[in-house]
Amino acid sequence: MSWGTELWDQFDNLEKHTQWGIDVLEKYIKFVKERTEIEINYAKQLRNLSKKYQPKKNSKEEDEYKYSSCRAFLATLNEMNDYAGQHEVISENMTSQITTELARYVQELKQERKTHFHDGRKAQQHIETCWKQLESSKRRFERDCKEADRAQQYFEKMDADINVTKADVEKARQQAQLRHQMAEDSKAEYSSTLQKFNQEQHEHYHSHIPNIFQKIQDMEERRIVRIGESMKTFAEVDRQVIPIIGKCLDEITTAAESIDQKNDSQLVVEAFKSGFEPPGEVDFEDFTQPIKRTVSESSLSNSREGKSESRFSTKSKGKLWPFIKKNKLSLKLITLNMQVWNLMEGGGPEDFSNLPPEQRRKKLQQKVDELNKDIQKELDQRDALTKMKDVYIKNPQMGDAASVDLKLGELAQNLERLRLEVQKFEGWLAEVEGRLPARTDTTRRQSGMYEPQNTLTVNNCAQDRESSPDGSYTEEPSQESEMKAPAPEFDDEFDDEEQLPTIGTCKALYTFEGQNEGTISVTEGETLYVIEVDKGDGWTRIRKNEDEEGYVPTSYVEVFLEKNAKGAKTYI
């Protein structure tokens, strides 16, 4: 099948068809170009999206990424950034391998098409010229034949007329012969022109035009092949990035599978654990039974007992269980407490004594780890300087060994300072770890409860009582008290048989919301009574009104102790 033989007379239609083919190619180029723009815009939007949700440096968001779910989300953001990069690769490859190449090919195709159709028009013009020459020779031969025929008829007429002179007849005869010769010459020319035209026409339709049309056909087929190859490249460019995109998606899946809900729950415990023990059970108070008094009890004792019971009843319901009245959800209580502690952390003391035990232990441990890292850095730097000094001693031309001694001296001072800091914080850490209670029944704190204890006297009970940071106490009965008969039940947190004496006053420097049991709320500038000083755990016991007692952070009050007060020692 050849256009030269099958479409020898469709020159104009082939010209239109080839132009349409170029238009299709340009349309495909435009399509690929718009696809590349979509890919680059999509990649840009993905990168902006990933950047938008990346954690900001030196912000609270960085602390969130200790949880496995947040780390998985961060991995997803990073993989999406790589995913966007692959779409940029698609855009770049399509631009270089398809758009640019096809644009150059279209220019070459247009030039080739122009050349072929120029040759076709030239061949058509040549055959048309030959045809015109043939027509002209034919008309001339026809005219000369007619002229010769008329001259012959005129000669015959003159020759038959007896009245015409012989000279006129001879003249007519010569004219007839001349016209006949001209007709013969025209016939020969027409025959020659016709033969030439037929030869030119044969070459035109069987050689020139088929060759030109074959070139046009080859050009068109190359265009079709080229657009097909471009479509394959279009698919291959996408296929090349599929493995990398699949790897990105696999990494996202791996990150999602690495989420450990148990570990995240444990991190929540470590982040918000206060170290306080939950309150014990509240004893039932039977008000239906009359109070039995013995004859030996004095009226003062009776009066004190009645007053104590009444006061304890009020405290037990209103003070020691504030979370029951304010919020029954313990989780919300912990959240509120941690907000208070976080506010206190910003301007707290160096030993973090304003924090609950567990949080204080974590802060101290973190500080010790940081100091140890600083010490290791200093040691590494000292080792490097020592090696440098040895090199300078062996090779004086490389440097002055004395210049290194000054730096080594500074490093020695820094190391000594850091070691002292470590010892100081390790001491505080050991103190906190020694105070943290073991989770056993024997050491469980009985905050805000009545607990039967064997004591000698109320005074011994107060002296043996050990303070804990959450405002609760653990009774430690002595051997002598264990041999005595059981005394009446009393409040483990506050001694209601006999109030502790005040040993001074204090002024609240800041407002403190005592939301945890055993603590008490104070407002800034309020004057309070001190009944027990800080024993090193960061808490001071105060009395607010006649019957409201509790603990506040020592750093929140300014204490003024009486000169002769027993235990007048403070840790402010």
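Residues numbered from 1 in each chain as written. Predicted model: local features only at pLDDT ≥ 70, side-chain atom pairs only at ≥ 80, totals over all residues. Heavy atoms only, no water.

Peer 1: Any chance you could explain the overall build of the protein here in plain terms?
Peer 2: Secondary structure summary: the protein contains 13 helices and 9 strands in total. With the model as given, the accessible surface of the protein reaches about 35,300 Å², and the carbon-plus-sulfur share is 52%. (Helix = DSSP H or I, 4+ residues; strand = E, 2+ residues; numbered from the N terminus. Areas by Shrake-Rupley, 256 points an atom, 1.4 Å probe, with all protein chains shown as cover.)

Peer 1: What should I look at first to understand the packing of helix 4 (residues 68-160) against helix 5 (residues 166-257) in this one?
Peer 2: A pair of packed helices is captured by two measures, namely the crossing angle of their axes and the spacing between those axes. Running from N to C, helix 4 and helix 5 cross one another at 175°; their axes reach a closest spacing of 6 Å. If you check the angle between helix 4 and helix 5, you find them roughly antiparallel. Across the contact of helix 4 with helix 5, the residue classes tally to 45 nonpolar, 20 polar and 23 charged. (Axes fitted to C-alpha atoms, helices over the stretch in contact; angles between N-to-C directions. Parallel < 35°, antiparallel > 145°, perpendicular 65-115°, else oblique. Nonpolar A, V, L, I, M, F, W, Y, C, P; charged D, E, K, R; others polar.)

Peer 1: I would appreciate a short explanation of the side chain of His87 in the present structure.
Peer 2: On the secondary structure map, His87 appears in helix 4. Accessibility expressed as a relative area gives 8% for His87, which makes it buried. Every residue in contact with His87, bar those within four places of it in the chain, is listed here: Glu39, Tyr42, Ala43 and Leu46. (Buried < 20%, exposed > 50% of the residue type's maximum accessible area, 1.4 Å probe, protein only. Contact = heavy atoms within 4.5 Å.)

Peer 1: Any chance you could explain helix 5 here in plain terms?
Peer 2: Given 3.6 residues per helical turn, the α-helix brings residues three or four places apart onto the same face. With 92 residues, helix 5 extends 132 Å from end C-alpha to end C-alpha; this agrees with the ideal 136 Å at 1.5 Å per step. At His204, helix 5 shows its largest bend, some 45°. (Expected span 1.5 Å × (residues − 1). Bend = angle between axes of the 7 residues up to and from the residue.)

Peer 1: Just checking my understanding: could you explain the pattern of salt bridges for this structure?
Peer 2: Any two side chains of opposite charge can pair, given that their charged atoms come close. This model, assessed by the stated rule, comprises 19 salt bridges. For the salt bridge of Glu26 with Lys110, the shortest nitrogen-to-oxygen distance reads 2.8 Å. With Glu26 in helix 2 (residues 11-52) and Lys110 in helix 4, the pair connects residues that are 84 residues apart, well separated along the chain. For Arg226, the salt bridge identified is with Glu101, shortest N-O distance 3.9 Å. With Arg226 in helix 5 and Glu101 in helix 4, this residue pair connects regions lying 125 residues apart in the sequence. Residue classification places Glu101 among the partly exposed residues on the basis of a relative accessible area of 29%. Each of Arg35, Glu39 and Asp238 takes part in one network of salt bridges that share partners. (Salt bridge = Lys/Arg side-chain N within 4 Å of Asp/Glu carboxyl O.)

Peer 1: Even after reading the chapter, I still don't get the packing of helix 2 against helix 4, so can you show me in this structure?
Peer 2: Where helix 2 contacts helix 4, the two axes come as close as 8 Å, and the packing angle between them is 165°. Considering the angle they form, helix 2 stands roughly antiparallel to helix 4. Between helix 2 and helix 4 the crossing geometry is left-handed. Residue composition of the contact of helix 2 with helix 4, grouped by class: 24 nonpolar, 13 polar and 10 charged. (Left-handed = near helix turned anticlockwise from the far one by under 90°.)

Peer 1: Hey, could you run me through the nonpolar core in this one?
Peer 2: Note on soluble globular proteins: their nonpolar side chains tend to be buried together. Leu25, Tyr28, Met94, Ile98, Phe213 and Ile216 are the most contacted members of the largest nonpolar core, which totals 31 residues. Contributions of two or more residues to this core are made by helix 2, helix 4 and helix 5. For this core, the leading source of residues is helix 4, giving 11 residues. What Met94 contacts, discounting residues up to four positions off in sequence, is Val32, Arg35, Thr36, Thr99, Phe234, Val237 and Asp238. Among the nonpolar cores identified, the runner-up in size contains 17 residues, and Ile503, Ile520, Val530 and Val533 belong to it. (Core = buried A, V, L, I, M, F, W, Y, C linked by side-chain atoms within 4.5 Å.)

Peer 1: Would you take a moment to explain the pairing of strand 8 (residues 549-553) for this structure?
Peer 2: Every other side chain in a regular strand lies on the same face of the sheet, so the side chains alternate between the two faces. Extensive coverage of strand 8 is indicated by the burial of 5 of its 5 residues. Going residue by residue along strand 8, you find Glu549, Tyr551 and Pro553 tucked away on one face and Gly550 and Val552 tucked away on the opposite face as well. Here strand 7 (residues 539-543) runs beside strand 8; their pairing, made up of 5 bridges, is antiparallel. In the strand pairing of strand 8, Thr540 is matched with Val552. (Pairing = 2+ DSSP bridges.)

Peer 1: Explain the packing of aromatic side chains here, please?
Peer 2: In this description, an aromatic ring pair is defined by two values, namely the gap between the centres and the angle between the planes. A complete count under the given rule lists 12 aromatic pairs for this structure. Judged by centre distance (6.4 Å) and plane angle (75°), the rings of Tyr53 and Phe73 are edge-to-face. Here Tyr53 is found in the loop between helix 2 and helix 3 (61-64), whereas its partner Phe73 is found in helix 4, with 20 residues between them in sequence. Given a relative accessible area of 38%, Phe73 falls into the partly exposed group. Measuring from ring centre to ring centre gives 5.7 Å for Phe512 and Tyr556, while their planes differ by 80°; the resulting arrangement is edge-to-face. With Phe512 in the loop between strand 5 (504-508) and strand 6 (527-532) and Tyr556 in the loop between strand 8 and strand 9 (557-561), this pair connects stretches of sequence that are 44 residues apart. The class of Phe512 is buried, set by a relative accessible area of 5%. Clustering of aromatic rings is evident, with ring pairs tying together Tyr510, Phe512, Trp539 and Tyr556. (Phe/Tyr/Trp six-rings, centres within 6.5 Å; stacked < 30°, edge-to-face > 60°.)

That is the geometry; function is a separate question.
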